[in-house]
Amino acid sequence: MKIFKTKTEIRNYTRLRKLNGEICGFVPTMGYLHQGHLSLMDISITRSDFTVVSIFVNPMQFSPTEDLETYPVDIETDLNLLREKGVAAVFIPSVSEIYGESFQTQVSVTRISLPLCGASRGVSHFTGVSTVVLKLFNIINPDIAVFGKKDFQQLAVIKRMVKDLDLEVEIISGETVREKNGLAMSSRNSYLNANERKQAPVIQEALKEGKFFRLNTSTDSVSVEKHIINQIRSNAPDSRIDYIKCLDADTLEDTSPETDNILLAAAVFLGKTRLIDNIVFSVKSVEKS
Ligand code: PAF
């Protein structure tokens, strides 16, 4: 497995392999890899001739009050996992390699970045994500790139950017990987203490309850949100809700009773750890089945 730290090296590597007619798959990450990341790599490896993974904790997507300084890092374990997986190359740039002196350009996907995490973390979060992802696409020039559905809004922002800017990369989404108890895998789960870890699966259970409520009791989004909030408050007493939202999954805007594709999205603090999760379902296909 090749390890590159500079843009020139990774660019030359992918350029050469692509000139030989090989399809390049790409999985961007911030490291501290878990089964969720590895499942995205499986998709990339199956769908391409060689897979590049980036590990870069992107300062531009963290607000000053967030966990940039304490974000978990374990490069050696990551590299071993990537070697075992059969990844062809890893790009591990420094902050100065990505954001050289006087860096001042931002890519902003406006409307779809506004609700959910854009509202609670600030829109600068998604500006940071879209800017770094566009830069990585320009450096690596992948044919396909794989993102997880756990970060549903991030996936929507990237898809929108690719469409709006006519980028020649196919975005593929991977299912959320869960621990046995239903907790969505995330590098930030490592912050949870034993008590918080016990309560964390309540988020997914409450979203499932919310889906049942939306399908069987009420199409009113506020009632669905309240139902989910009550479930979380009663079953995870140490939780603090950041947001619970029922939105149109295609636009991330408000639903109407006719909306078919529904997104139930949650951001919940357990102690200092902010966990996100979601459920997406089509009302029509549930009605048919
Ligand atoms: O999902 C992540 O890990 C990050 O937001 C990403 C896509 C690697 C951009 O920094």
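Preceding this paragraph is the structure being described.
The structure contained in this document is the topic of the report that follows.

Calculation notes
- Residues numbered from 1 in each chain as written.
- Predicted model: local features only at pLDDT ≥ 70, side-chain atom pairs only at ≥ 80, totals over all residues.
- Heavy atoms only, no water.
- Salt bridge = Lys/Arg side-chain N within 4 Å of Asp/Glu carboxyl O.
- Helix = DSSP H or I, 4+ residues; strand = E, 2+ residues; numbered from the N terminus.
- Buried < 20%, exposed > 50% of the residue type's maximum accessible area, 1.4 Å probe, protein only.
- Axes fitted to C-alpha atoms, helices over the stretch in contact; angles between N-to-C directions.
- Parallel < 35°, antiparallel > 145°, perpendicular 65-115°, else oblique.
- Contact = heavy atoms within 4.5 Å.
- Nonpolar A, V, L, I, M, F, W, Y, C, P; charged D, E, K, R; others polar.
- Arc of directions from axis to C-beta.
- Pairing = 2+ DSSP bridges.
- 1 Å grid on protein atoms, 1.4 Å probe; cavity = no way out; pocket = protein on both sides within 12 Å on 5 of 7 lines; lining within 4 Å.
- Points joined across faces, edges and corners; volume = space filled by probe spheres on them.
- Near = heavy atom within 4 Å.
- Polar contact = N/O pair within 3.5 Å; in protein donor to acceptor, adjacent residues only side chain to side chain.
- Areas by Shrake-Rupley, 256 points an atom, 1.4 Å probe, with all protein chains shown as cover.

1. Observations concerning the pattern of salt bridges
So, point 1. Scanning all chains against the criterion turns up 12 salt bridges.
So, point 2. We note a salt bridge from Arg 160 to Asp 164, for which the minimum N-O separation is 2.8 Å. Taken together, the residues span about one helical turn, with Arg 160 and Asp 164 both in helix H7 (residues 152–164) at a distance of 4 residues.
So, point 3. Using a relative accessible area of 35% as the deciding quantity, one classes Arg 160 as partly exposed.
So, point 4. A salt bridge links Glu 179 to Arg 197; its shortest N-O distance comes to 3.3 Å. Residue Glu 179 is found in the loop between strand S6 (170–174) and helix H8 (194–199), and its partner Arg 197 is found in helix H8; the two are separated by 18 residues along the sequence.
So, point 5. Residue class for Glu 179 comes out partly exposed when judged on its relative accessible area of 24%.

2. Digging into the packing of helix H1 (residues 7–19) against helix H6 (residues 124–140)
So, point 1. Close contact between H1 and H6 brings their axes to 8 Å; oriented N to C, the two are set at 55 degrees. By the angle between their directions, the pair H1 and H6 is classed as oblique. The segment H1 lies against H6, with Lys 7, Ile 10, Arg 11 and Thr 14 engaging Lys 135, Asn 138, Ile 139 and Ile 140.
So, point 2. Looking at the contact of H1 with H6, its residues break down into 3 nonpolar, 2 polar and 3 charged.

3. What about the environment of Val 109?
So, point 1. By secondary structure assignment, the location of Val 109 is in the loop between helix H4 (95–98) and helix H5 (116–121).
So, point 2. Separated by 14 residues in the primary sequence, Val 109 and Val 123 have C-alpha atoms spaced 9.3 Å apart.
So, point 3. Residues within four places of Val 109 in sequence aside, it is in contact with Ser 130, Val 157, Arg 160 and Met 161.

4. Some thoughts on the environment of Lys 85
So, point 1. Along the chain, Lys 85 falls in helix H3 (residues 75–85).
So, point 2. Distance in space between the C-alpha atoms of Lys 85 and Leu 38 is 7.5 Å, their sequence separation being 47 residues.
So, point 3. Residues within four places of Lys 85 in sequence aside, it is in contact with Leu 38, Met 41, Asp 42 and Ile 45.

5. Re H3
So, point 1. Within the span of H3, buried status applies to Asp 78, Leu 79 and Leu 82. Considered in projection along H3, the buried side chains sweep an arc of 95 degrees and stay on one side of the axis. Exposed residues pointing more than 90 degrees away from the buried face of H3 are listed as Glu 76 and Glu 84.
So, point 2. On its buried side, H3 packs onto strand S1 (2–4), helix H2 (35–47), strand S3 (50–55) and strand S4 (89–91).

6. Details of the pairing of strand S9 (residues 273–282)
So, point 1. The buried fraction of S9 is high, at 9 of 10 residues.
So, point 2. By the bridge criterion, 10 bridges tie strand S8 (residues 261–270) to S9 in an arrangement that is antiparallel. Residue pairing across strands places Ala 266 opposite Asp 277, the latter belonging to S9.
So, point 3. Linking two consecutive strands that pair antiparallel, namely S8 and S9, is a turn of 2 residues; a positive phi of about 60 degrees is found at Gly 271 within it.

7. A look at the layout of surface pockets
So, point 1. Reported here for the second largest pocket is a volume of approximately 540 Å³.
So, point 2. Every residue lining the second largest pocket is counted, 22 residues in all, and those nearest its centre are Phe 152, Leu 155, Ala 156, Lys 159 and Ala 249.
So, point 3. For the lining of the second largest pocket, the elements supplying multiple residues, two or more each, are H7 and S9.
So, point 4. Here the lining of the second largest pocket gets 6 residues from one element, more than from any other, and that element is H7.
So, point 5. Among the residues forming the lining of the second largest pocket, the class breakdown is 8 nonpolar, 5 polar and 9 charged.

8. Quick word on the pairing of S3
So, point 1. Counting buried residues along S3, 6 of its 6 residues qualify, which places the element largely inside the surrounding structure.
So, point 2. Residues of S3 alternate between two faces, with Phe 50, Val 52 and Ser 54 on one and Thr 51, Val 53 and Ile 55 on the opposite face, all of them buried.
So, point 3. Sheet topology note: the strand S2 (residues 24–29)/S3 ladder contains 6 bridges and is parallel. Opposite Phe 26, over in S3, you have Val 52 as the bridge partner.

9. Overview of the site of the ligand
So, point 1. By nearness alone, every residue bordering the ligand is listed as Pro 28, Thr 29, Met 30, Asn 58, Gln 61, Val 132, Phe 147 and Gln 154.
So, point 2. The separation between an oxygen atom of the ligand and a polar side-chain atom of Gln 61 is 2.6 Å.
So, point 3. In isolation the ligand offers 290 Å² of accessible surface; the protein chains occlude 89% of this area.
So, point 4. Residues that form the shell around the ligand fall into these classes: 4 nonpolar, 4 polar and no charged.

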